[in-house]
Amino acid sequence: MATFIVLLGPPGAGKGTQAELLAENTKLAHISSGDLFRENLKNQTELGKLAKSYMDKGELVPDDVTINMIRDRLTRPDCEAGAILDGFPRTPTQADALEKMLSEFGSRVALVPYITASETVLVDRISGRWTCRAQGHIYHQIFSKPKQPGICDLDGSELYQRDDDKAETVTKRIRVYVDQTMPLIEYYRKVGKIIEVDGMQAVEKVTNILLSALKK
Ligand code: ADP
Ligand code: ADP
């Protein structure tokens, strides 16, 4: 059966960073809902334009369009062995929809690592985050510098600061997380899927903890 992992945690906890590393170390695809919205934005699709109006305010994009976008993504061939979901689901409605979609493929969520960090750390991480224009690779101006300033090590594209990573939007996003996404911790805890991981440790340490949890 294909393996589906959901990474939960507040913005800045390290979900994207870890998802990328886990995908490199496994046969699983990395699905980032935020990256998919940003790709649509870059390509100026209708979905991108709609998503931008919510993203700029730090609010969630409506469930129906988000769910449809993920459904499309999950049917691509690279998800055959499974995927690491980063940023989806973010509401109980999305979690229910995911369960339905996966059961159509004869599968289900295997594990939900919940990555934690204090609010001060989250704000420091998000305000120093630099994202690669081409593929969304993630850097930090202090904690995870590229070899050449402003250039992605992996694909040579430009690094930029996301509009929604500016200070005004960050606290709003953390509030939205607390109100709309935190209920998912209980949702997955009830079915015994949650493992809590301290996201304030070094990147490699978190990756090792996640990889050993995945092996079990
Ligand atoms: P999320 O996807 O949960 O929003 P990211 O993976 O994008 O989080 O990480 C947010 C920022 O923090 C990035 O700039 C990233 O380089 C940095 N970062 C991620 N994990 C760590 C860590 N364990 N220690 C220090 N910085 C980290
Ligand atoms: P972070 O991990 O730093 O919170 P993301 O890249 O996951 O950032 O998300 C950026 C924005 O994209 C969110 O603030 C929201 O507007 C939108 N978004 C991403 N994933 C979802 C989702 N599952 N449901 C609704 N909106 C989403």
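Residues numbered from 1 in each chain as written. Chains lettered and ligands numbered in written order. Predicted model: local features only at pLDDT ≥ 70, side-chain atom pairs only at ≥ 80, totals over all residues. Heavy atoms only, no water.

*Asks:* Hey, could you run me through the site of ligand 1 in this one?
*Replies:* Neighbouring ligand 1 are 19 residues, the closest being G12, K15, T17, R129 and Y139. Within the contact set of ligand 1, an oxygen atom lies 3.0 Å away from a backbone nitrogen or oxygen of G14. Summarising the interface, the protein chains cover 92% of the accessible area of ligand 1, which totals 560 Å² for the free molecule. Its residues assigned to classes, the shell around ligand 1 shows 8 nonpolar, 8 polar and 3 charged. (Near = heavy atom within 4 Å. Polar contact = N/O pair within 3.5 Å; in protein donor to acceptor, adjacent residues only side chain to side chain. Areas by Shrake-Rupley, 256 points an atom, 1.4 Å probe, with all protein chains shown as cover. Nonpolar A, V, L, I, M, F, W, Y, C, P; charged D, E, K, R; others polar.)

*Asks:* Explain the site of ligand 2 here, please?
*Replies:* Around ligand 2 sit 19 residues in total, of which S33, E59, R90, R129 and R173 are the nearest. Here Q94 contributes a side-chain N or O atom positioned 2.9 Å from a nitrogen atom of ligand 2. Here the residues of the shell around ligand 2 are counted per class, giving 6 nonpolar, 5 polar and 8 charged.

*Asks:* I keep staring at the sheet that holds strand 2 (residues 29-32) and nothing clicks. Help me out?
*Replies:* Paired through backbone hydrogen bonds, the strands of a sheet run either parallel or antiparallel to each other. Strand order in the open sheet made by the 5 strands is 2-3-1-4-8, with parallel pairing throughout. Lying at the two open borders of the sheet, with one neighbouring strand each, are strand 2 and strand 8 (194-198). Adjacent strand axes in the sheet meet at a mean angle of 20 degrees when their direction is disregarded. For strand 1 (residues 3-7) and strand 3 (residues 82-86), the ladder comprises 5 bridges, and the chain directions are parallel. Paired with I5 across the bridge in strand 3 is I84. Here helix 4 (residues 63-74) sits on the sheet in contact with strand 1 and strand 2, set at roughly 165 degrees to strand 2. (Pairing = 2+ DSSP bridges. Helix = DSSP H or I, 4+ residues; strand = E, 2+ residues; numbered from the N terminus. Axes fitted to C-alpha atoms, helices over the stretch in contact; angles between N-to-C directions. Contact = heavy atoms within 4.5 Å.)

*Asks:* Whenever I open this one, the packing of aromatic side chains confuses me. Can you help?
*Replies:* Aromatic ring pairs are defined here through the distance separating the ring centres and the angle between the ring planes. Evaluation of the coordinates by the stated rule reveals 1 aromatic pair. Their ring planes at 75 degrees and their centres at 4.9 Å tell us that Y187 and Y188 sit as a pair that is edge-to-face. By relative accessible area, which is 22% here, Y187 ends up partly exposed. Judged by its relative accessible area of 3%, Y188 falls in the buried class. Sitting over the face of the ring of Y54, K57 holds its NZ or CZ atom 5.7 Å from the ring centroid. Between the NZ or CZ atom of R133 and the centre of the ring of Y160, over which it lies, the distance is 4.1 Å. (Phe/Tyr/Trp six-rings, centres within 6.5 Å; stacked < 30°, edge-to-face > 60°. Buried < 20%, exposed > 50% of the residue type's maximum accessible area, 1.4 Å probe, protein only. Lys NZ or Arg CZ within 6 Å of the ring centre and 35° of its normal.)

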